[in-house]
Amino acid sequence: VNAAYGLANQINSQLLFFSSSIFQASNSQIIQSYKKNDYNRLGFLVSKSAKTAFIMYLIISMPLLIVTDEVINLWLGEVPMYCSTFVILMLLNSYIELFSSPLMLITQATGRIKKYFITISSVMILILPLSYIALKNGASPYAVLYITIIINLILLGIRLYYVSYNAHFPIAFYVKQVIIPAFAIIILGTIASHYLCMNIPTDIYRIIVAFITSPIIVILLSFLILLNKSERQNIFKNVRR
């Protein structure tokens with residue numbers, strides 16, 4: 001179990017490296033916007049960086065959601081027990097954490113971090129006793145990641161509350177314009193990609209089709225669902241140039 005978990009974590013860490021660079025590029029601008037009390041620009045920057053990081057991460061991770069077993073089998077020659085489901089659950093957990101990253105930065109920029117970190121840490125540490133209780137009562141190893149996902153959803157809600165209270169951040173806008181459309185893309189993209197790949201008999205061809213079609217599906221769905229009118233117009237403008 002530990003070997004499978006470590007392998008899945010290695011895959012997920014490599015994928016997160018690409019999208020985390022987006023937040024690093026926008027961190028200073030987000031902090032400056034807060035210091036200037038420019039809350040409109042703050043909301044714009046957080047929304048844009050979260051959308052961009054999510055799209056980048058989903059483009060490279062969506063194929064793995066579809067052909068997890070095939071990719072691991074091609075890489076290692078066999079699929080270790082638990083590994084495929086661990087990878088899928090870690091990817092789902094990372095989607096949630098992507099939306100939390102800019103919120104954590106805003107809270108730190110406010111300087112009001114004492115109650116925030118006490119609350120976040122107190123909730124986060126619940127993963128340990130809850131996982132222990134679940135495993136002690138015969139739950140599968142997957143229970144640890146199920147609990148982690150639930151706790152991270154709770155933490156996302158707590159972070160949204162703190163940035164709304166301390167930094168006047170428009171959480172309704174963030175949820176409506178970023179989080180809900182993003183999860184709609186995950187669901188629709190997974191269904192569409194799985195449908196295109198499910199009747200392909202050979203593993204290598206299934207992998208090729210998944211890695212070609214899934215990014216295209218993600219880009220199209222993001223363009224239609226996640227990006228707003230001005231962002232789409234900006235893309236058209238740059239393409240014409």
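Residues numbered from 1 in each chain as written. Predicted model: local features only at pLDDT ≥ 70, side-chain atom pairs only at ≥ 80, totals over all residues. Heavy atoms only, no water.

Caption draft 1: Region of the structure containing the overall build of the chain. Helix and strand counts for the chain come out as 10 helices and zero strands. For the chain, the succession of helices and strands along the chain, N to C, is α-α-α-α-α-α-α-α-α-α. For 241 residues, the compact-globule estimate of 2.2 N^0.38 gives 18 Å, and the C-alpha radius of gyration of the chain, at 19 Å, lies within 12% of that figure. Projecting the C-alpha coordinates of the chain onto the three principal axes gives extents of approximately 55 × 55 × 25 Å. The buried share of the chain, taken over its 241 residues, is 43%. Considering only contacts within the chain whose residues lie at least 6 apart along the sequence, 78% involve residues at least 24 apart. Entry remark: accessible area of the chain is about 13000 Å², with carbon and sulfur atoms responsible for 66%. Separation of charge centres in the chain, based on 17 positive and 7 negative side chains, amounts to 21 Å. (Helix = DSSP H or I, 4+ residues; strand = E, 2+ residues; numbered from the N terminus. Rg over C-alpha atoms; globule rule 2.2 N^0.38 Å. Buried < 20%, exposed > 50% of the residue type's maximum accessible area, 1.4 Å probe, protein only. Contact = heavy atoms within 4.5 Å. Areas by Shrake-Rupley, 256 points an atom, 1.4 Å probe, with all protein chains shown as cover. Lys, Arg positive; Asp, Glu negative; His and termini not counted. Charge placed at Lys NZ, Arg CZ, Asp CG, Glu CD.)

Caption draft 2: Local environment of the nonpolar core. Among the nonpolar cores identified, the biggest contains 57 residues, and Phe 54 and Tyr 174 are the most heavily contacted of them. Listing elements by their share of this core, those giving two or more residues are helix H1 (2–35), helix H2 (39–66), helix H4 (83–110), helix H7 (142–167), helix H8 (171–197) and helix H9 (203–226). The element that contributes the greatest number of residues to this core is H4, accounting for 14 residues. Those residues in contact with Phe 54 that sit more than four places away from it in its chain are Tyr 95, Leu 98, Phe 99, Ala 182, Ile 185, Ile 186 and Leu 226. Core analysis: the second largest hydrophobic core is formed by 11 residues, Ile 120, Ala 143, Ile 147 and Tyr 162 among them. (Core = buried A, V, L, I, M, F, W, Y, C linked by side-chain atoms within 4.5 Å.)

Caption draft 3: How the structure looks around a nonpolar patch on the surface. A contiguous nonpolar surface patch, about 700 Å² in accessible area, is contributed by Leu 74, Ile 204, Tyr 205, Ile 208, Ile 212, Ile 216 and Leu 220. Per-element accounting of the nonpolar patch gives the leading share, six residues, to H9. The residue Ile 212 is located in helix H9 in this model. (Patch = residues over 30% accessible without salt bridge, like charges linked within 9 Å, V, L, I, M, F, W, Y side chains within 5 Å. Salt bridge = Lys/Arg side-chain N within 4 Å of Asp/Glu carboxyl O.)

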